[in-house]
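Listed below are the residues making up each chain.
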Amino acid sequence: GEQVEQLPSILRVQEGSSASINCTYENSASNYFPWYKQEPGENPKLIIDIRSNMERKQTQGLIVLLDKKAKRFSLHITDTQPGDSAMYFCAASVSGSFNKLTFGAGTRLAVCP
Amino acid sequence: DPKIIQKPKYLVAVTGSEKILICEQYLGHNAMYWYRQSAKKPLEFMFSYSYQKLMDNQTASSRFQPQSSKKNHLDLQITALKPDDSATYFCASSQETGGFQDTQYFGPGTRLLVL
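Residues numbered from 1 in each chain as written. Chains lettered and ligands numbered in written order. Predicted model: local features only at pLDDT ≥ 70, side-chain atom pairs only at ≥ 80, totals over all residues. Heavy atoms only, no water.

### Considerations on the overall build of chain A
Link 1 in the chain: Scanning chain A from N- to C-terminus turns up zero helices and 11 strands.
Link 2 in the chain: Of the regular secondary structure in chain A, the N- to C-terminal order runs β-β-β-β-β-β-β-β-β-β-β.
Link 3 in the chain: Relative to the 2.2 N^0.38 estimate, which gives 13 Å for 113 residues, the radius of gyration of chain A is 13 Å and therefore close to what a compact globule would have.
Link 4 in the chain: Along the longest, intermediate and shortest principal axes, the C-alpha atoms of chain A span 45 × 30 × 20 Å.
Link 5 in the chain: Of the roughly 5400 Å² of accessible surface on chain A, 47% is carried by carbon and sulfur atoms.
Link 6 in the chain: Placing the 12 positive and 11 negative side-chain charges of chain A at their respective mean positions leaves the two points 5 Å apart. (Helix = DSSP H or I, 4+ residues; strand = E, 2+ residues; numbered from the N terminus. Rg over C-alpha atoms; globule rule 2.2 N^0.38 Å. Areas by Shrake-Rupley, 256 points an atom, 1.4 Å probe, with all protein chains shown as cover. Lys, Arg positive; Asp, Glu negative; His and termini not counted. Charge placed at Lys NZ, Arg CZ, Asp CG, Glu CD.)

### Looking at the overall build of chain B
Link 1 in the chain: When helices and strands are counted, chain B shows zero helices and 11 strands.
Link 2 in the chain: Listing the helices and strands of chain B from first to last along the sequence gives β-β-β-β-β-β-β-β-β-β-β.
Link 3 in the chain: Relative to the 2.2 N^0.38 estimate, which gives 13 Å for 115 residues, the radius of gyration of chain B is 13 Å and therefore close to what a compact globule would have.
Link 4 in the chain: Principal-axis analysis of the C-alpha atoms places the extent of chain B at approximately 40 × 30 × 25 Å.
Link 5 in the chain: Counting over 115 residues, chain B shows a buried share of 50%.
Link 6 in the chain: Within chain B, counting contacts between residues at least 6 apart in sequence, those at least 24 apart form 55% of the total.
Link 7 in the chain: When the accessible surface of chain B is split by element, carbon and sulfur atoms take 54% of a total near 5600 Å².
Link 8 in the chain: Of the charged side chains in chain B, 13 are positive and 10 negative; the average position of the first set lies 4 Å away from that of the second. (Buried < 20%, exposed > 50% of the residue type's maximum accessible area, 1.4 Å probe, protein only. Contact = heavy atoms within 4.5 Å.)

### Points about the interface of chain B and chain A
Link 1 in the chain: Across the contact, 25 residues belong to chain B and 24 residues belong to chain A.
Link 2 in the chain: The contact between chain B and chain A buries some 1900 Å² in all, and 55% of this surface belongs to carbon and sulfur atoms.
Link 3 in the chain: In terms of surface lost to chain A, no three residues of chain B exceed B:Leu43, B:Gln101 and B:Phe106, which account for 35% of the buried area on that side.
Link 4 in the chain: The interface formed by chain B and chain A contains zero salt bridges.
Link 5 in the chain: Inspection of the region where chain B meets chain A yields eight residue pairs in polar contact (both at pLDDT 80 or more).
Link 6 in the chain: At the level of elements, strand E4 (31-37), strand E5 (44-50), strand E6 (53-57) and strand E9 (87-94) of chain B are the ones that each hand at least two residues to the side of chain B that touches chain A.
Link 7 in the chain: Along the lines of polarity and charge, the residues of the side of chain B that touches chain A split into 12 nonpolar, nine polar and four charged. (Buried area = accessible area lost by both parts, 1.4 Å probe. Salt bridge = Lys/Arg side-chain N within 4 Å of Asp/Glu carboxyl O. Polar contact = N/O pair within 3.5 Å; in protein donor to acceptor, adjacent residues only side chain to side chain. Nonpolar A, V, L, I, M, F, W, Y, C, P; charged D, E, K, R; others polar.)

### A closer look at the pattern of salt bridges
Residues and elements named next belong to chain B.
Link 1 in the chain: Taken as a whole and assessed by the stated rule, the structure comprises eight salt bridges over all chains.
Link 2 in the chain: Aspartate 85 serves as the salt-bridge partner of arginine 63, at 2.8 Å between the closest nitrogen and oxygen. Of the two residues, arginine 63 is situated in the loop between E6 and strand E7 (64-67) and aspartate 85 in the loop between strand E8 (75-78) and E9; the sequence distance between them amounts to 22 residues.

### Observations regarding the state of the cysteines
Residue and element names in this part refer to chain A.
Link 1 in the chain: Counted by the stated rule, this structure contains two disulfides over all chains.
Link 2 in the chain: Disulfide partner of cysteine 23: cysteine 90, at an S-S distance of 2.0 Å. On the sign convention where negative means left-handed, the S-S torsion of about -100° between cysteine 23 and cysteine 90 marks this disulfide as left-handed. Taken together, the residues span a long stretch of sequence, with cysteine 23 in strand E3 (residues 19-25) and cysteine 90 in strand E9 (residues 86-94) at a distance of 67 residues. The residues cysteine 23 and cysteine 90 share a single accessibility class, namely buried. (Disulfide = S-S within 2.5 Å.)

### Some points on the side chain of B:His73
Residue and element names in this part refer to chain B.
Link 1 in the chain: Here histidine 73 is to be found in the loop between E7 and E8.
Link 2 in the chain: Taking the relative accessible area as the measure of exposure, histidine 73 reaches 12% and is therefore buried.
Link 3 in the chain: When near neighbours in sequence (up to four residues on either side) are disregarded, histidine 73 contacts Cys23, Glu24, Met32, Gln67 and Ser68.

### A closer look at the sheet that holds E3(A)
All names here are of chain A.
Link 1 in the chain: Spatially, the five strands line up as an open sheet ordered E1-E3-E8-E7-E6, and their pairing is antiparallel. Because the sheet does not close on itself, it has two edges, and the strands there are strand E1 (4-7) and strand E6 (56-59). When strand polarity is set aside, the average angle formed by the axes of neighbouring strands in this sheet is 15°. (Pairing = 2+ DSSP bridges. Axes fitted to C-alpha atoms, helices over the stretch in contact; angles between N-to-C directions.)

### Notes on the nonpolar core
Link 1 in the chain: Within the largest apolar cluster, 23 residues are counted, with the highest numbers of intra-cluster contacts made by A:Phe33, A:Trp35, A:Phe73, A:Leu75, A:Ile77, A:Tyr88 and A:Leu109.
Link 2 in the chain: Looking at this core, the elements that each hand over two or more residues are strand E2 (10-14), E3, strand E4 (30-38), strand E5 (45-51), strand E7 (62-67), strand E8 (72-77), E9 and strand E11 (107-112) of chain A.
Link 3 in the chain: Sequence-distant contacts of A:Leu109, defined by excluding residues within four places in its chain, comprise A:Leu11, A:Val13, A:Ala19, A:Ile77, A:Asp84, A:Ser85, A:Ala86 and A:Tyr88.
Link 4 in the chain: Formed by 20 residues, the second largest nonpolar core is a distinct cluster that contains B:Cys23, B:Trp34, B:Ala87 and B:Tyr89. (Core = buried A, V, L, I, M, F, W, Y, C linked by side-chain atoms within 4.5 Å.)

Following this line, the structure appears as structure tokens:
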């Protein structure tokens, strides 16, 4: 199986600053790491993902880093805006598990004007 | 147009009753999943199906039974409902390409409250 720990659980940042969320996993066979954003009353929506053959991926103000040695991956949101306020979940999937996603407990991000 | 439809959006049930949660996807995907989200636990994997075949079951209770009548349908039957079953149930789907984990898209969810 897999266990994913996500920190911090709550994150408050000033508008325009950066926000970082960190996740660790246990199973070295995990090879897929998606990040989902969930707004109140809504479904989780994929915002970025990274596979184990990469160490860094960037798209539209989001950066994901993967350190396989440390079994750690992180999401960095640059130039945060009030619209970035939401719950963020990291997840990991073990190779051969048929896409079973194991989620972290979530981070509530609040971007203050 | 929503590509993953879950019905109903809200559901109130009595302890001991039985309910069916409906999920249909129109993304052309061949893999479907059920996840559960409650105040006590984060998003929790329940089942995965590929081409209507059960691939993985992580629910400890046989009260939860997925039913796939068509490739793009994966319903969830829950029997003998308990208050602890109260949660939002999300259906998800992906294009299973064999050997790779594929992006999973989540439906809008069914919020179940068991009294």
